[in-house]
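Each chain, written out:
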Amino acid sequence: MASALGSTADKLSDLHINGDLASSVPNLHKNLGLLSPDQIELAKMLVEMGQRHLFESWPGPGVDDDEKKSFFDQVARLNSSYPGGLASYVKTARELLADSKAGKNPFDGFTPSVPTGEVLTFGDDIFINFEEAGVREAKKAAFVLVAGGLGERLGYNGIKVALPSETTTATCFLQLYIESILALQEASCRLTQGECGTQIPFVIMTSDDTHARTLKLLESNGYFGMKPEQVKLLKQEKVACLDDNDARLAVDPHNKYRIQTKPHGHGDVHSLLYSSGLLNVWHNAGLRWVLFFQDTNGLLFKAIPAALGVSSTRKFHVNSLAVPRKAKEAIGGITKLTHADGRTMVINVEYNQLDPLLRATGYPDGDVNCETGYSPFPGNINQLILDLGPYIEELTKTCGAIKEFVNPKYKDASKTSFKSSTRLECMMQDYPRTLPPSARVGFTVMDTWLGYAPVKNNPENAAKVPKGNPYHSATSGEMAIYQANSLILRKAGVQIDDPVKQVFNGQEVEVWPRIAWKPEWGLIFSVVKSKVNGSCSISQRSSMIIKGRNVLLKDLSLDGTLVINSVEDAEVTVGGSVQNKSWILENVDYKDTSVPEEIRTRGFKVNKIEQLEKNYSKAGKFCLEP
C-alpha cells in the first residue's frame, strides 16, 4: 500500500491548494492510494472548488474503501451529466445565490408587453385550415415527452404516464400519446400522398425514478403499436444539492460517502437532446419541428395539429401553446420583455412576478382582465413547438444549457443559512431566454376545454382549491376528456345533452356523456365532422366508445351505452335508436384501500351494467341499426 500511495502522490505534485494537501485535506490525502488517476483528477477539482468539507469525516484506508470509490463514481456522473461539469455548476450557483441573497430582480430594466401570436376559435374556417396544415407538417416532426415524475403527488405509486387518462376504456396516458402520434403519422402521409414508411420519432425523458418502469410499460404492451426503433428513452440525472451561499455541496444526511441530489427540472430535456446527437440525425433526415409536451394532459393532442399549423404558417421559431388566462390566475403568462438597452425576449413570466412587474413599469392596476374578460397575457401550459434548425443553432452555442434559477428557503431575514439544502433548477419553457431579437417567438391560444386538463393534484389538495378554480386532478382530468369530446361532437352537429353536476372526492364537476374514441377516428375536427350525418343525439347518461377509423354516425339516437370495435378495412355506419341500462358512475371513497389507486384518485368507478357492443373484424361495409 505504501508504494502505491507513493506513486499516486507523485501524480499529485500540483494538488497543493492553499498549502500542503496533507495539512489542508488530510483525510483525502490518506486515501489517495485507493484512487484511480481519473478519480484523483476529480478529487483535485473538488478541492479547487472549495469542497474540502466532503472529506472531513472520512476514515483512513482499510475502512469503507468501496464506499469511497463509489463516492467518486457519483462525482463522475454529476460532473459528466451537467454542461460544463461540476465546476460550472458551482460557479453558476454562487452567482445565483449571491443574487438571491441581495434580492436582485431578474426583470430589472425590462418592460412587459403582449407578444405576437394566434388566438384560435375552435371549429371555424381559420381553425380548420390550421389543423389541416398541422397534419401535413406532422411527418416532419419529432415528439418529446417529459416524463421524469412519479404519481406520488396524485396519490398514485406508479409512474404518471401509466395512469388511465379515462376509465371507460382504461387507456393510459402513454398509450393515448403514442396512438395520437401514430394517427398523425398516418394522416400526414395520406394528406401529402407521401410514403407511408414515415416514422415520427418519439423521445421520452425519464429519470432514475421512472426509467425502468417506463421501459417495462412499453415492452409489456408492444410499445402500444409503435415501432420500438421509433422510441428513444433519455434518462435525466439529478444535480448536487447546496448547503449554503458559498455553494458547498451537501453531504447526504444518510450516507457520508454520497452527495445529496435532487431533480434539476424539466429544462434538462434540451441538454439531453443536444448531447444525444438526435437533433442532427433528425435534421439530416429532413425533419423540421420538435414538439415538447408533459406527462398527464389528456387533451393535448386535440390542440397540437392546429398549433403546428400555426408554427408552419407563421414561421415561428418558438411557439408556446397557451390558454386564456384570468388576471392573477396561478398560471404563468406569455410575455414580451423589452430592456432599456434594447434587448427583447418572449418568455413565460410566473403569475406572482407578472403583477408586480406590470405595476413597476407604468401599469398601476397590474395584471387585469381586458375587454375579453381575460388577461391579455396568455396562460402558459408548458407545451412547446420549436423550429429544429434554429433550435440546433442555439443549443450549439449553449451546449444545451438553459438559464437556471435557485430558490433557497432561508432560516431568517439575514439570508445567511438555509432551512434545508437547495439546488439549481431549470425549466423547459425558459429556452427562449437566450434567443437573439431576430428569433420569431409567438404563441397559439386554444380554448381551455380543448387543450388543457393536467392531472397533478391529489384528491385532498384538489378539494381545497378555491371555488371556481380548476382542480387539476384525476377526477377533473377525466371529466375534461368527456366534455371536450361532447363539445366537439356538438359542434359537428350532434345534439348532446347538457351535463349534470356531481361531487367526487370533494370536487364538484360537470359530468357529460362518457364519450371516448381512438385518435385514428377523430384526429381533427374536419374528420369528426365528416363522420357525422343526419340527426344524431346522445343523452347525458350515455357512454359511447369508438375504436376504429371508419365508423360513421348517421341518424343515431343514443340513450345508453354503445361500444364499436372495428378493424381498419371495415366501414361501419351506426344509426337508429340505441337504448339500454348503460354504464353508471358510482362514488368511491378515496380512503378505501381495497379499491385500486387509479380508481380511488378519481373518486368514482364505472359500473358497466349494460351496453350494446359490436365487433367488426373483417373488411367490408356494415350497417348497425338496432
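Quick note: structure is the one above.
Asker: Which parts of the structure should I look at to understand the sheet that holds strand β26 (residues 561–566)?
Answerer: With parallel pairing, four strands are arranged side by side in an open sheet as β21-β24-β26-β30. Bordering the open sheet on either side are β21 (514–517) and β30 (612–616), each of which pairs with just one other strand. Pairwise comparison of adjacent strand axes, ignoring direction, gives a mean angle of 5° for this sheet. Here strand β24 (residues 543–547) runs beside β26; their pairing, made up of five bridges, is parallel. Bridge pairing in β26 places Ser543 opposite Thr561. On top of the sheet, helix α17 (residues 474–491) reaches β21 and β24; it is set at about 80° to β21, its chief contact.

Asker: So what exactly am I meant to see when it comes to the pattern of salt bridges here?
Answerer: Scanning the entire structure with this criterion turns up 25 salt bridges. Taking the shortest distance from any N to any O, the salt bridge between Arg190 and Glu186 comes out at 2.1 Å. Placement of both Arg190 and Glu186 in helix α8 (residues 173–192) is noted, with a separation of four residues, approximately one turn of the helix. Taking the relative accessible area as the measure of exposure, Arg190 reaches 46% and is therefore partly exposed. Residue class for Glu186 comes out partly exposed when judged on its relative accessible area of 23%. Between Arg602 and Glu478 there is a salt bridge, and its shortest N-O distance comes to 2.6 Å.

Asker: Help me out: how do you make sense of the packing of α8 against helix α12 (residues 300–314) in this one?
Answerer: The angle between the axes and the distance between the axes are what describe a pair of packed helices. For the pair α8 and α12, interaxial distance at closest approach is 10 Å and the crossing angle is 30°. Put simply, α8 runs roughly parallel to α12. α12 is crossed by α8, and the crossing has right-handed handedness. Contacts between α8 and α12 involve Tyr177, Ser180, Ile181 and Leu184 on the former and, on the latter, Phe301, Ile304 and Pro305. Across the contact of α8 with α12, the residue classes tally to six nonpolar, one polar and no charged.

Rules behind the numbers
- Residues numbered from 1 in each chain as written.
- Predicted model: local features only at pLDDT ≥ 70, side-chain atom pairs only at ≥ 80, totals over all residues.
- Heavy atoms only, no water.
- Pairing = 2+ DSSP bridges.
- Helix = DSSP H or I, 4+ residues; strand = E, 2+ residues; numbered from the N terminus.
- Axes fitted to C-alpha atoms, helices over the stretch in contact; angles between N-to-C directions.
- Contact = heavy atoms within 4.5 Å.
- Salt bridge = Lys/Arg side-chain N within 4 Å of Asp/Glu carboxyl O.
- Buried < 20%, exposed > 50% of the residue type's maximum accessible area, 1.4 Å probe, protein only.
- Parallel < 35°, antiparallel > 145°, perpendicular 65-115°, else oblique.
- Left-handed = near helix turned anticlockwise from the far one by under 90°.
- Nonpolar A, V, L, I, M, F, W, Y, C, P; charged D, E, K, R; others polar.

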